[in-house]
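# Examination of the molecular architecture
Next come the chains, spelled out residue by residue.
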Amino acid sequence: MRRYIHTVGFSPPPGSPEKEVADKIAALMESNGNETGGPIREELQEVMMDKVSVFRNRPALTEALEKVRELKKRYQKIAIQDKGSCFNRDLLDAIELDYMLDLAEVITLGALTREESRGAHSREDFPDRDDQKWLVHTMFRYSREEGPQVFFKPVTITRFQPKERKY
Amino acid sequence: MKCTFVVYRFDPAVDKEPRYQEYMVEAEPTDKILDCLNKIRWEQDPTLSYRYSCAHGICGSDALMINGRIELACQKLVRDFKTTNNFVIEPLPLFNVIKDLVVDMDPFFEKHRTVRPYLISDEEPPETERLQDPENQKFFEPALACILCGSCTASCPINRANDKYLGPAALLRGFRYVADSRDTATGSRLAQLDNEDGAWGCKSMWWCTDVCPKSIPVTKSIAQIKRLIKEEEKRKS
């Protein structure tokens, strides 16, 4: 971990991080869109459960990605019903849902990218483990302009040699 | 199946008085009460506020008054209640309501801090852990299960009459440390609890033990403090 921190580059920190959050909350509170968080969350749970569970394949993952991106679009029109500033769970849920959508997108993209099966990632269309090609960590960086961008980080092998698990 | 939920609502910014709001929820007998509250919030009324975190009876956030009895909403299922699918959900008694089902737990945690809920030892720290004698551990093990949900303190009739009384949860934590053989502050701990706002405030009404969602023998543990105080007195005289 220490070694990784020393070698990895940092993106410059935002100038005023608190402003970014305050703006985000203000935008959510003032939005008068026609979507609510509940149905988006429910549909997200459903698609991730049905199509991005342990057993996965390209067609289902592609459909899931489309669905997640559609939900992200719908999220842009979300409105907060609770306008109060005291214990506003509605607002908290909406902020959480935003992060859940981002995560769902990279989980699905990562699953699509990794064309092999390994541990709890079981691709029905690529049932074998492939250490030649996929002994790497899948990473994502995010920018507002380009969205999530995949990249890979080599695996540092220390005490345990990688080998296929046969139980 | 259809369930009726009558829920206590109070928003200090809008309401002068608390009110009750009725919701119809489509629930399975195996749904938790917390699931039903989530359904209300996600499907009907996002303005409803209540605390929860782990939803598995560990974090102790969602102690509520359910049909007049203090329970963890995440630990009780719809089928556990014989009230023909009618539910009345209210905040914990004793504490001040912040909003809807959310109460101010600050006084609870302040009292909890006064019992010094940490190990005090004037012995040199050993190279490794301070090992505990298994027999001694067995003696106070039930007290370790406390999740600080506040159910016991909210239910305690003494607490309602005397707001200085430490209350069962803080006393239970006090017991946990006076009983621990590794702790060397036992004398000052017992002295702190030796009064009417401490262990002697307890009149063994058993409500704390009755409501405890972790089945901790709270009343018995408080009685153990009383016993240890008396033993200490005898030893000194």
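Relevant structure appears above.
The structure contained in this document is the topic of the report that follows. (Residues numbered from 1 in each chain as written. Chains lettered and ligands numbered in written order. Predicted model: local features only at pLDDT ≥ 70, side-chain atom pairs only at ≥ 80, totals over all residues. Heavy atoms only, no water.)

### What to know about the overall build of chain B
Of regular secondary structure, chain B possesses nine helices and seven strands. Projected onto its principal axes, the C-alpha coordinates of chain B cover approximately 65 × 40 × 30 Å. Expressed as a percentage of its 237 residues, the buried residues of chain B come to 49%. Partitioning the intrachain contacts of chain B with sequence separation of at least 6 by distance along the chain shows that 63% fall at a separation of at least 24. If you sum the accessible surface of chain B, you get close to 11900 Å²; carbon and sulfur atoms cover 53% of it. (Helix = DSSP H or I, 4+ residues; strand = E, 2+ residues; numbered from the N terminus. Buried < 20%, exposed > 50% of the residue type's maximum accessible area, 1.4 Å probe, protein only. Contact = heavy atoms within 4.5 Å. Areas by Shrake-Rupley, 256 points an atom, 1.4 Å probe, with all protein chains shown as cover.)

### Describing the packing of aromatic side chains
The final tally for this structure, using the stated rule, is eight aromatic pairs over all chains. Arranged with centres 5.7 Å apart and planes meeting at 90°, the rings of Y8 of chain B and Y20 of chain B form a pair that is edge-to-face. Of the two residues, Y8 of chain B is situated in strand β1 (residues 2–9) and Y20 of chain B in strand β2 (residues 19–26); the sequence distance between them amounts to 12 residues. Judged by centre distance (5.6 Å) and plane angle (75°), the ring pair of F139 of chain B and F175 of chain B falls under edge-to-face. Remark: F175 of chain B occurs in helix α6 (residues 168–178) and F139 of chain B occurs in helix α3 (residues 134–140); sequence separation between them is 36 residues. When its relative accessible area of 33% is taken as the criterion, F139 of chain B is described as partly exposed. Among the residues examined, F175 of chain B registers a relative accessible area of 2% and is labelled buried. Taken together, F5, F81 and F87 of chain B form an aromatic cluster joined through their ring pairs. Between R141 of chain A and the ring centre of F151 of chain A, over which it is positioned, the NZ or CZ distance is 4.2 Å. Residue placement shows R176 of chain B over the ring face of Y177 of chain B; its charged tip is 4.3 Å from the ring centre. (Phe/Tyr/Trp six-rings, centres within 6.5 Å; stacked < 30°, edge-to-face > 60°. Lys NZ or Arg CZ within 6 Å of the ring centre and 35° of its normal.)

### Examining the interface of chain A and chain B
Facing the 11 residues of chain A at the interface are 13 residues of chain B. Three residues stand out in chain A for area buried against chain B, namely C86, F87 and R89 of chain A, and they jointly supply 49% of the buried area on that side. Where chain A packs against chain B, one counts two salt bridges. A salt bridge links R41 of chain B to D93 of chain A, with the nearest nitrogen and oxygen atoms 2.4 Å apart. Summed over the shared surface of chain A and chain B, the number is five residue pairs in polar contact (both at pLDDT 80 or more). Contributing elements (two or more residues each) for the side of chain A that touches chain B: α3 (37–51) and α5 (89–113) of chain A. Looking at the side of chain A that touches chain B, its residues break down into three nonpolar, two polar and six charged. (Buried area = accessible area lost by both parts, 1.4 Å probe. Salt bridge = Lys/Arg side-chain N within 4 Å of Asp/Glu carboxyl O. Polar contact = N/O pair within 3.5 Å; in protein donor to acceptor, adjacent residues only side chain to side chain. Nonpolar A, V, L, I, M, F, W, Y, C, P; charged D, E, K, R; others polar.)

### Looking at the pairing of strand β3 (residues 63–66) of chain B
Residues and elements named next belong to chain B. Burial along β3 is two-sided: the residues A63 and M65 and L64 and I66 are all buried. As paired strands, β3 and strand β4 (residues 69–72) are joined by four bridges and run antiparallel to one another. Paired with A63 across the two strands is L72, which belongs to β4. If you look at the hairpin formed by β3 and β4, you'll find two residues sitting between the two strands, and N67 has a positive phi there, around 50°. Pairing between β3 and strand β5 (residues 86–90): two bridges, direction antiparallel. (Pairing = 2+ DSSP bridges.)

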